[in-house]
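Descriptive analysis of the structure
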Amino acid sequence: MQFDQILQYTLSGLSTGAIYALIGIGFSIIYNATGIINFAQGEFVMLGGLLTLSCLDLLKLPLWAAIPCAVAVSTVVGILFERLAIRPLRHPTPINLVIITIGGSILIRGLAMLVWGKDTHTIPAFSGDAPIAIGGATILPQHIWILAITLIIIMVNKVYFYHTISGKAMRACSYNRRAAGLVGIDVKRMVLFSFIISSAMGSIAGIIVAPLTMTAYDVGVMLGLKGFCAAIIGGMSSGISTVIGGLILGVLESLGAGLISSGYKDAIAFIILLLILFIRPQGLFGKADSERV
Amino acid sequence: MKRDLLLFTAFSLFIMVAPQIFAGGYLMNVLVFVGINTMLAIALNLLLGYAGQISLGHAGFFGLGAYLSGILTTTYSLNPWLAMPIAACVVGSLAYLIGLPVLKLKGHYLAMATLGLGIIIYIVFNETVDLTGGPSGLSGIPNLHVAGITFDSDVKNYYLIWGVTLAVMLFSLNLAGSRVGRALRAVHDSEVAAQVLGVDARGLKVQIFALSAIISSLAGSLYAHTMTFISPASFGFNFSIELLTMVVIGGLGSIYGSFLGAALLTLLPEILRGANDYDIIIYGALLMVMVMFMPGGLVRGVPALFRKVFSRKAEGGHA
Amino acid sequence: MLEVTGITQIFGGVTALDTVSFSIAKGDITGVIGPNGAGKTTLFNIITGIYHQTAGTVTLEGKNITGLPPEKLARLAMVRTFQNIELFGGMTVLENVMVGMHTKSSSGLLACALKMPWSISEERRIRAGAMKWLEFTGILDLADHTAGSLPFGKGRLLEIARALAVEPRIMLMDEPAAGLNSQETLGLSRLIKQIRDLGITVVLVEHDMELVMDICDRIVVLNLGKKLAEGTPREIQESPEVIAAYLGDDD
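**Concerning the overall build of chain A**
Per the secondary structure count, chain A includes eleven helices and two strands. The order of helices and strands in chain A, counted from the N terminus, is α-α-α-α-β-β-α-α-α-α-α-α-α. In summary, chain A has a C-alpha radius of gyration of 19 Å against a globular reference of 19 Å for 293 residues, a match within 12%. Overall size of chain A, expressed as C-alpha extent along the three principal axes, is 60 × 45 × 35 Å. A separation of at least 24 residues holds for 74% of the contacts in chain A among residues at least 6 apart in sequence.

Rendered as structure tokens:
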């Protein structure tokens, strides 16, 4: 009984964790290319879910068409955000960047409230909701969709960063922006790319999680912060460390909520966040790096 | 020096006669809030505008002050005048202890850590139902009472809150213009140069973080005793952002700017009545516009704008 | 006055400094020279507590100061200036120098905010002291200007005035002549001598050989992280090793 419970919590924790991982990688990609922590990252998650809803309900698109449509629109918002808010900033000090991305995030959230109202919405599961039994626990088909899509995205990412010219250029930027600029990499373009990739990834995360948790104009805040927590555990890596960070966070949260108290569920992520920042700001797996402290 | 004192006296006089000008039952209540928010904005500005350290969790310290005052005076029937300093001491010590590790972090990381801290405090307010009453709040908090006067009307509260706010302003103005204020600004401009000149940057940051938390706690206590009812909703992440907006709009590193920012953001929702919750769109847009076009805030940006307009007119006249 | 023993600094496998030792006599002007990448600035950063070396000790007036943070060193009367002047750009020229008086004053946060009588009189003393140093460096007329708006040469003088306000017994200057025109450099060399005449020991890293040979009592030459030579300007000018290093001769 107890074991089955733990298995159940772990399984559902893994799928939430995968979502955190996707969002966290979005944070890391922008951070590595630009040194910015994009406080608006969570809003793309929200946009993904709600835009899919509109494509389904208003445009009457089938799900397979609605999803790419929603991702495309969120990405356009990401591009606009970079063009209109980040690039024109004359004094890009960390504090100004924090404030401008917070401003952007509030603005996007407010506009979403205008468009979709304050109600909670749901989008249908991708392939029904007949539970599947695994040992003494059950999971939904959507859980499998989440894990599979996360896996695919991570693999695509890997291929992009290690086997394409623009991916390699992006990595060069993350090691040393100035040097990358000196060898002829268009750093501004890479910054734009990083916003494109992370807004697309964020919106996909928002879409695949929406059938499970429902969605509303304000879901981006918490999801965004937890994604950031995953990225911090992973040492702001845009690879496997952040995925592990997300999974650890998802499982701990799910176990904590199930076995201790559901009210403190959200606090768990932030306590982990603070502990990591205090004790190992370079992340659980990273080497010491004075840059961040 | 003389000019500073004159400005402050003029400002105090303005605050004292303001109720005669705006005498309106409902508006008085709003002006009480302007006072509380001014205190909070100054507290955050000391940290952000002077020391250059961001905090996205100040609503938490505000809430801790309010809840400690509330709980001590209701559950433990303590005198409010005693509860307020106790709350301030507890919050100050807590901030000092948390400040030691937190202020080692910089920039974005500091922002995220303080944000996390604020959310944890908010969750605790919601979950410790036995102590705080949980989401439904804590009621029956006594009004302040002194020499036969109970501060139970908007007008009385106005003078109480603004009396304290003016004291906080004077305190902060003095601090800003002093040896310690200069050291803070020096740390902001170049931490390494300040250290080389003998400024203990780390210790100073932690001190100012604690001071900022104490002022926030004081504002929280006063809020609790004037409202007599508090609930977690007033102390969430959104309010921390609202405080940040006040400081940025008013002007980083300007005490009077904090008043401007607080006044504008407190009065704005009253002006925009009927816009309901859509005022957050305006906050977001204001934050972005200010950082992009008026990074010095209203207190510097508006005079600069005037100068620009007038000098352009003068040039036009010559041509 | 200042003793440096066996300083070694390794950055991720690259040895920036290799067992460098020398001592600096009280009241001297000592120049530390060497080609680019010799490790001069790294050495300065170690002595002034900004980096922590891999090995070696630094002694100031017989006291081991290895690993002490810069703010403690200021209290031991050691101060430095930076190659890219690090001014407090948002503050006035006078306020910049007033920050220099930080260790010479003691009013705490509360005393300042409550304007206690002693903090008011201290403030007066700080202001007068700062004015004195502005006068000494010849920029008193700029007292009310914003530091960030100063031309580079004046900024350099301000940084020196600010460092002097600490009332140091030893002052380290990282390339004080960098970015100055010949007129300004001339003024600087006069100023450095005046500083020495106040009884302050001066150590400077400098590329301007004319300046170094003109004002220094002794010179330490670094090359590729090692001490190459040490002596009076004349000895250094005649040293074959130094000449070889500067001309890139590899024999």
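**Considering the overall build of chain B**
Looking only at helices and strands, chain B has 14 helices and four strands in total. Taken over C-alpha atoms, the radius of gyration comes to 20 Å for chain B, in line with the 20 Å a tight globule of 319 residues would show. On the principal axes, the C-alpha backbone points of chain B span a range of 75 × 50 × 40 Å. Burial statistics for chain B: of 319 residues in total, 55% are counted as buried. Here the analysis covers contacts within chain B between residues at least 6 apart in sequence; of these, 77% occur between residues at least 24 apart.

**Re the interface of chain B and chain A**
With 33 residues of chain B at the interface, the matching set in chain A holds 35 residues. Residue assignment for the side of chain B that touches chain A shows that the elements contributing at least two residues are helix H5 (107–127), helix H11 (237–250) and helix H13 (279–293) of chain B. Among the elements that take part in the side of chain B that touches chain A, H5(B) stands out by supplying 13 residues, more than any other. Split by residue class, the side of chain B that touches chain A holds 25 nonpolar, five polar and three charged.

**A short note on the interface of chain C and chain B**
Counting from both sides, the interface comprises 32 residues of chain C and, opposite them, 23 residues of chain B. Of all the secondary structure elements, the ones that give two or more residues to the side of chain C that touches chain B are helix H2 (70–75), strand S6 (78–81), helix H3 (93–100), helix H4 (109–113) and helix H5 (117–137) of chain C. Along the lines of polarity and charge, the residues of the side of chain C that touches chain B split into 15 nonpolar, nine polar and eight charged.

**A look at the packing of helix H1 (residues 2–21) of chain B against helix H7 (residues 154–176) of chain B**
All names here are of chain B. It is at 10 Å that the axes of H1 and H7 come closest, and there the two elements cross at 170 degrees. As the angle between them shows, H1 and H7 are arranged roughly antiparallel. Residues Asp4, Phe8, Ser12, Ile15 and Pro19 of H1 lie in contact with H7, whose contacting residues are Val155, Tyr158, Trp162, Leu166, Leu170 and Leu173. Tallied by class, residues from the contact of H1 with H7 come to nine nonpolar, one polar and one charged.

**Concerning the nonpolar core**
By size, the foremost hydrophobic cluster in this structure holds 274 residues, and its most contacted members are Cys229(A), Leu273(A), Leu287(B) and Ala161(C). The greatest single-element share of this core, amounting to 15 residues, is contributed by helix H10 (residues 201–227) of chain B. Shared between two domains, this core holds at least three residues of each, these being domain 1 (1–77 + 169–251) and domain 2 (87–167) of chain C.

**Description of unusual backbone geometry**
Backbone geometry at Lys60(A) places phi at a positive 55 degrees, although glycine is not the residue there. Along the chain, the position of Lys60(A) falls in the loop between helix H2 (41–57) and helix H3 (63–86).

**Some thoughts on the pairing of strand S3 (residues 29–33) of chain C**
Residue and element names in this part refer to chain C. Most of S3 is tucked away, with five of its five residues classed as buried. Judged from the four bridges that link them, S3 and strand S8 (residues 201–205) form a sheet pairing that is parallel. Considered in S8, the bridge of Thr30 is made with Val203.

**Describing the environment of Trp116(A)**
In this structure, Trp116(A) sits in helix H4 (residues 94–116). In this structure, Trp116(A) is in contact with Leu50(A), His121(A) and Tyr217(A), ignoring residues within four places of it in sequence.

**A short note on the pairing of S6(C)**
Residues and elements named next belong to chain C. Burial of the side chains of S6 extends over both faces: Met78 and Arg80 are buried on one face and Val79 and Thr81 on the other. Note: S6 against strand S7 (residues 170–174), four bridges, orientation parallel. When the bridges of S7 are listed, Thr81 appears paired with Met173.

**Some details on the sheet that holds strand S5 (residues 63–64) of chain C**
All names here are of chain C. One open sheet accounts for four strands, arranged S2-S1-S4-S5; its pairing is antiparallel. Strands with a single pairing partner mark the edges of an open sheet, and in this sheet they are strand S2 (14–24) and S5. As paired elements, strand S1 (residues 2–11) and strand S4 (residues 55–60) share five bridges and run antiparallel to each other. Along S4, the bridge assignment pairs Glu3 with Thr59.

**Looking at the environment of Gly67(C)**
Following the sequence through the fold, Gly67(C) ends up in the loop between S5 and H2. Along the sequence, Gly67(C) and Ile47(C) sit 20 residues apart, while their C-alpha atoms lie 8.5 Å from each other.

**Thoughts on the confidence of the model for chain B**
For chain B, the average pLDDT comes to 88, and 94% of its residues sit at 70 or higher. Across the whole predicted complex the pTM is 0.89, and at the interface the ipTM reaches 0.89.

**Let's talk about helix H8 (residues 179–189) of chain B**
Within H8(B), eleven of the eleven residues are buried, which leaves it mostly tucked inside the rest of the structure. Restricting attention to buried positions, one finds in H8(B) the residues Arg179(B), Val180(B), Gly181(B), Arg182(B), Ala183(B), Leu184(B), Arg185(B), Ala186(B), Val187(B), His188(B) and Asp189(B).

**As for the sheet that holds S8(C)**
All names here are of chain C. Here we have six strands laid out as an open sheet, ordered S6-S7-S8-S3-S9-S10, and mixed in their pairing. At either margin of the open sheet sits one strand with a lone partner, and together these are S6 and strand S10 (226–231). For this sheet the average axis-to-axis angle between neighbouring strands, irrespective of direction, equals 15 degrees. Of the pairings in the sheet, the one linking S7 to S8 comprises five bridges and is parallel in character. Looking at S8, one finds that Leu172 is bridged to Val203. In this fold helix H1 (residues 40–47) packs onto S3, S6, S7, S8 and strand S9 (218–223), with an angle of close to 145 degrees to the strand it touches most, S7.

**Some remarks on helix H6 (residues 152–164) of chain C**
Residue pairs spaced three or four apart in an α-helix point in one direction, given the helix's 3.6 residues per turn. Residue and element names in this part refer to chain C. Counted at 1.5 Å a residue, the expected span for H6 with its 13 residues is 18 Å, and the 18 Å between its end C-alpha atoms agrees. Most of H6 is tucked away, with ten of its 13 residues classed as buried. When we look at burial in H6, the residues that qualify are Gly155, Arg156, Leu157, Leu158, Glu159, Ile160, Ala161, Arg162, Ala163 and Leu164. Close packing links the buried residues of H6 with S6, H3, H5, S7 and helix H7 (182–197).

**Details of the confidence of the model for chain A**
Averaged over all residues, the pLDDT of chain A is 87; the fraction at 70 or higher stands at 97%. Helix H7 (residues 177–182) of chain A is the least confidently modelled element of chain A, averaging 82 in pLDDT, while H2(A) averages 93, the highest of any element.

**Focus on the packing of H8(B) against H3(C)**
Packing of H8(B) against H3(C) leaves a shortest axis separation of 10 Å and a crossing angle of 100 degrees. When the axes of H8(B) and H3(C) are compared, the pair comes out roughly perpendicular. Counting all contacts with H8(B), which are made through Arg182(B), Ala183(B) and Ala186(B), the residues of H3(C) involved are Glu95(C), Met98(C) and Val99(C). Considered class by class, the residues forming the contact of H8(B) with H3(C) number four nonpolar, no polar and two charged.

**A word on the environment of Ser139(B)**
All names here are of chain B. Along the chain, the position of Ser139 falls in strand S1 (residues 138–139). With 13 C-beta atoms packed within 10 Å, Ser139 lands in the partly exposed category. Spatially, the C-alpha atoms of Ser139 and Asp154 are 18 Å apart, while their sequence positions differ by 15 residues.

Parameters and conventions
Residues numbered from 1 in each chain as written. Chains lettered and ligands numbered in written order. Predicted model: local features only at pLDDT ≥ 70, side-chain atom pairs only at ≥ 80, totals over all residues. Helix = DSSP H or I, 4+ residues; strand = E, 2+ residues; numbered from the N terminus. Rg over C-alpha atoms; globule rule 2.2 N^0.38 Å. Contact = placed C-beta atoms within 7 Å. Buried ≥ 20, exposed ≤ 12 C-beta atoms within 10 Å, placed from the backbone. Nonpolar A, V, L, I, M, F, W, Y, C, P; charged D, E, K, R; others polar. Axes fitted to C-alpha atoms, helices over the stretch in contact; angles between N-to-C directions. Parallel < 35°, antiparallel > 145°, perpendicular 65-115°, else oblique. Core = buried A, V, L, I, M, F, W, Y, C linked by C-beta atoms within 7 Å. Domains from an automatic or database assignment. Pairing = 2+ DSSP bridges. pLDDT = per-residue confidence, 0-100. Expected span 1.5 Å × (residues − 1).

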